[in-house]
Each structure stands twice: as structure tokens, then as C-alpha cells.
Amino acid sequence: MKTLIRAAAAALAVFAAVPAAADDLLDQYVAYIGGHDLYNSKGVRLWEPYQILRQDRANFHRFGRRDPMDQGDRFFANMNNRAAMERMLMQGNMPAPAANAIVNGGATVVVKVWGWGNQGRYVTVDVYR
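It should be emphasised that the depicted structure is a prediction, and the values quoted were computed from it without experimental measurement. (Residues numbered from 1 in each chain as written. Predicted model: local features only at pLDDT ≥ 70, side-chain atom pairs only at ≥ 80, totals over all residues. Heavy atoms only, no water.)

Observations regarding the overall build of the chain
Right, so step 1: Check the secondary structure of the chain and you find four helices and three strands.
Right, so step 2: Taken from the N to the C terminus, the helices and strands of the chain come in the order α-β-α-α-α-β-β.
Right, so step 3: For the chain, the exposed area adds up to about 8,000 Å²; of that, 56% sits on carbon and sulfur atoms. (Helix = DSSP H or I, 4+ residues; strand = E, 2+ residues; numbered from the N terminus. Areas by Shrake-Rupley, 256 points an atom, 1.4 Å probe, with all protein chains shown as cover.)

As C-alpha cells, this is what we get:
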């Protein structure tokens, strides 16, 4: 009986040591947060970084308002994925200096979408001034 328990414990230890499968990098892009990204399509000033990042992608894909540094992406060409990005960023944790740089405009961001297949699970944002 002790041998069976030890074998089961050893098997569980092996499975516990195996890390969970990591998410894949689905897409990434670089964008400059310009003045037009700070306002929604109705001209209302946006005050949350997740709103501004979503508006940047809407400006790029839907409205054709692009800053010189803006790169394209496939993931956020889909309007539903832009909404998902906003939700993912709202649920995440963005350091205050990064959030402030986005809200104030003039920042360059590198956005990466992580997940499986075509399903984004979370977004990371690196901010440069």
C-alpha cells in the first residue's frame, strides 16, 4: 500500500512540475498615441488608457486616421476584438506612469495580444515617451 501511495505521489509531483501551457503571441504592433486618439468618434475626450488604445485601433482600421509610427495588425481589424481589448485592459493592471503617458498623448506603445488560436486572453502594453 505504501508503494502505491509513493508511486501516486511521485506521479502527481511530475505533473505539478510541468508548467501550464503558455499563451501564444497572437499579434503585436507599435503605435504612436496622437491627439486624435484622445477623442472618440463623437469628439468626446477620453480619459482612460484602455479607451484611448481602443480608439487608436479604431482610428487605424475603421477611420484611416494614422500617425506616422502606427503599424497595422490583424487582430484588432475586427471590431469585436477591439471591444475585447478594452475589457482585457480594464481587468489588467497598468502602472500609473504608463497610464498617464497614454492619457496625456505623445507616447509610443508596443501592444502584444496573447492567447490561443484566434482567441485573445490578455494584452500587454509597453509605453515609451
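Examining the side chain of Asp 23
Right, so step 1: With respect to the helices, strands and loops of the structure, Asp 23 is situated in the loop between α1 (2-17) and β1 (24-32).
Right, so step 2: The class of Asp 23 is buried, set by a relative accessible area of 13%.
Right, so step 3: Reaching out from Asp 23, the side chain makes a polar contact with the side chain of Arg 121 at a distance of 2.9 Å. (Buried < 20%, exposed > 50% of the residue type's maximum accessible area, 1.4 Å probe, protein only. Polar contact = N/O pair within 3.5 Å; in protein donor to acceptor, adjacent residues only side chain to side chain.)

A short note on the pattern of salt bridges
Right, so step 1: For the coordinates displayed, the defined rule picks out four salt bridges.
Right, so step 2: Where Arg 57 meets Asp 56, a salt bridge forms, and the shortest distance between an N and an O atom there is 3.0 Å. An identical accessibility class is assigned to Arg 57 and Asp 56; each is buried.
Right, so step 3: The exposure class assigned to Arg 57 is buried, which follows from its relative accessible area of 0%.
Right, so step 4: Through salt bridges with shared partners, a single network forms among Asp 56, Arg 57 and Asp 73. (Salt bridge = Lys/Arg side-chain N within 4 Å of Asp/Glu carboxyl O.)

Here's the deal with the nonpolar core
Right, so step 1: Among the nonpolar cores identified, the biggest contains 22 residues, and Leu 53, Phe 76, Val 109, Val 123 and Val 125 are the most heavily contacted of them.
Right, so step 2: Other than its neighbours up to four places away in sequence, Val 109 contacts Tyr 29, Val 30, Ala 31, Ile 33, Leu 53, Ile 102, Val 125, Asp 126 and Val 127. (Core = buried A, V, L, I, M, F, W, Y, C linked by side-chain atoms within 4.5 Å. Contact = heavy atoms within 4.5 Å.)

Quick word on the layout of surface pockets
Right, so step 1: Here the largest pocket is characterised by a volume of approximately 210 Å³.
Right, so step 2: Residue lining of the largest pocket: Asn 40, Ser 41, Leu 46, Gln 51, Arg 54, Gln 55, Ala 58, Arg 62, Phe 63, Met 79, Arg 82 and Glu 86, and that is the complete set.
Right, so step 3: For the lining of the largest pocket, the secondary-structure elements that each account for two or more residues are α2 (49-63) and α3 (79-91).
Right, so step 4: Among the elements that line the lining of the largest pocket, the one with the most residues is α2, at six residues.
Right, so step 5: Partitioned by chemical class, the residues of the lining of the largest pocket number four nonpolar, four polar and four charged. (1 Å grid on protein atoms, 1.4 Å probe; cavity = no way out; pocket = protein on both sides within 12 Å on 5 of 7 lines; lining within 4 Å. Points joined across faces, edges and corners; volume = space filled by probe spheres on them. Nonpolar A, V, L, I, M, F, W, Y, C, P; charged D, E, K, R; others polar.)

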